[in-house]
Amino acid sequence: MKFIFGPVASRRFGTSLGIDLSPDTKQCNFDCLYCELAPAQTISSYTKVYTPQEIVEELEVSLKEHPNTEVITLTANGEPSLYPHLDELIKKIDLIKNDKQTLILTNSATLSNEKTYQSLLNLDQVKLSLDAVSTEVFRKIDRPHEDIDLSRLVQSVISFSKEYTGRLFIEVLFVKELNDTKEEIQAINTVLEKVNCERIDLGTIDRPPAYQIEGISYERLFEISHQFNPALPIHIASRKSVTSKPSSYTQEEIINTLDKRPLTRVDIELLFDEESIKLFDYLLKKDILSSKNISNMEFFIPSSNQQRKRKK
């Protein structure tokens, strides 16, 4: 297979068949410091393009081989939304996908293009990246093509979130000493308060990056999550950089922590020591805590506060 890979089991998106729209070379309008691909000159359009028919023919074969696929994910060695026949491709996939969902993983920059904007509205799921909202930090971390205007990008994300009727996810990837400052986090929070989305994933570097930079620890991500508006649907996506030992929590501390930031069972097992986990399970059994399914993931929250968390 040239274009299709997987299926890949994703905890965030389900069992996915990936479609690489640029299988031969990196074609991207960003040259992100954290990218696992080698550094490359940024572009504003693809120079190597395959037809939608070539891609869909492979997809049909893969779907027959992997009938339990839940999601068909558009991605690339670079930026998938730069693919010039995106609208035609989405329509062709819709004709053969049956009950599968379509998803794109995009850096958000092409949303300012009306044609691309309209194409993405036709997908079942969209994941937008938003690593920075101040120009200096944005240029340092994402190293965008010179044609990209950050203010237009941010406004397009906000506008898209209000018009889009599918499942929208936002991802913020943190790099040590770049976008993890109090000022940048607050600026990102201000933008996200204007965005309607199902989930906001906070992550960090999990793979060897293109440049000599560092990610941050899970504990630091947890601290950062508390700097966002508690009503935002925050989820800590990265867990590979855990450095400290689990801590002891009282009943009040557990309730207060989950009130400010709902956590998954995996989060709890990373943060809580053995006795605190037992106390958590007791509170759950007594219905003082409740579980809540958000985007196929189980989060825990105080039962008295079930309605406070904002959902699209």
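Structural data are supplied above this passage.
To keep things clear, this report deals only with the structure shown in the data block. Just so it is clear, the model here is predicted, and its values are computed rather than measured. (Residues numbered from 1 in each chain as written. Predicted model: local features only at pLDDT ≥ 70, side-chain atom pairs only at ≥ 80, totals over all residues. Heavy atoms only, no water.)

Considered as a void within the structure, the second largest pocket measures approximately 420 Å³ in volume. As for the second largest pocket, its lining consists of 25 residues, and the residues nearest its centre are Ser44, Leu82, Thr110, Asn113 and Thr116. Broken down by secondary-structure element, the contributors of at least two residues to the lining of the second largest pocket are α2 (86–96), α3 (114–120) and α5 (150–163). Per-element tally for the lining of the second largest pocket: the top contributor is α3, with 3 residues. In terms of residue class, the lining of the second largest pocket is built from 9 nonpolar, 11 polar and 5 charged. (1 Å grid on protein atoms, 1.4 Å probe; cavity = no way out; pocket = protein on both sides within 12 Å on 5 of 7 lines; lining within 4 Å. Points joined across faces, edges and corners; volume = space filled by probe spheres on them. Helix = DSSP H or I, 4+ residues; strand = E, 2+ residues; numbered from the N terminus. Nonpolar A, V, L, I, M, F, W, Y, C, P; charged D, E, K, R; others polar.)

Our next topic: the side chain of Thr204. The topology assignment puts Thr204 in strand β7 (residues 199–204). Side-chain polar atoms of Thr204 contact the backbone oxygen of Phe174, separated by 2.8 Å. A polar contact of 2.9 Å, which involves the side chain of Thr204, links it to the backbone nitrogen of Ile216. (Polar contact = N/O pair within 3.5 Å; in protein donor to acceptor, adjacent residues only side chain to side chain.)

Among the residues making up α2, those that are buried are Leu86, Leu89, Ile90, Ile93 and Ile96. Around the axis of α2, the buried residues are gathered within 130° of arc, so they sit on the same side. Of the exposed residues in α2, the ones pointing more than 90 degrees away from its buried face are Lys91 and Leu95. For α2, the elements touching its buried residues are β2 (14–20), α1 (52–65), β3 (71–75), β4 (101–106) and α3. (Buried < 20%, exposed > 50% of the residue type's maximum accessible area, 1.4 Å probe, protein only. Arc of directions from axis to C-beta. Contact = heavy atoms within 4.5 Å.)

Moving on, we get to the packing of aromatic side chains. Scanning the entire structure with this criterion turns up 8 aromatic pairs. Here the aromatic rings of Tyr117 and Phe160 are separated by 5.4 Å at their centres, their planes lie at 90°, and the arrangement is edge-to-face. Within this pair, whereas Tyr117 is found in helix α3, its partner Phe160 is found in helix α5, the two being separated by 43 residues in sequence. You can call Phe160 buried: its relative accessible area is 0%. Taking 4.9 Å as the distance between ring centres and 20° as the angle between the ring planes, the aromatic pair formed by Phe160 and Tyr164 counts as stacked. (Phe/Tyr/Trp six-rings, centres within 6.5 Å; stacked < 30°, edge-to-face > 60°.)

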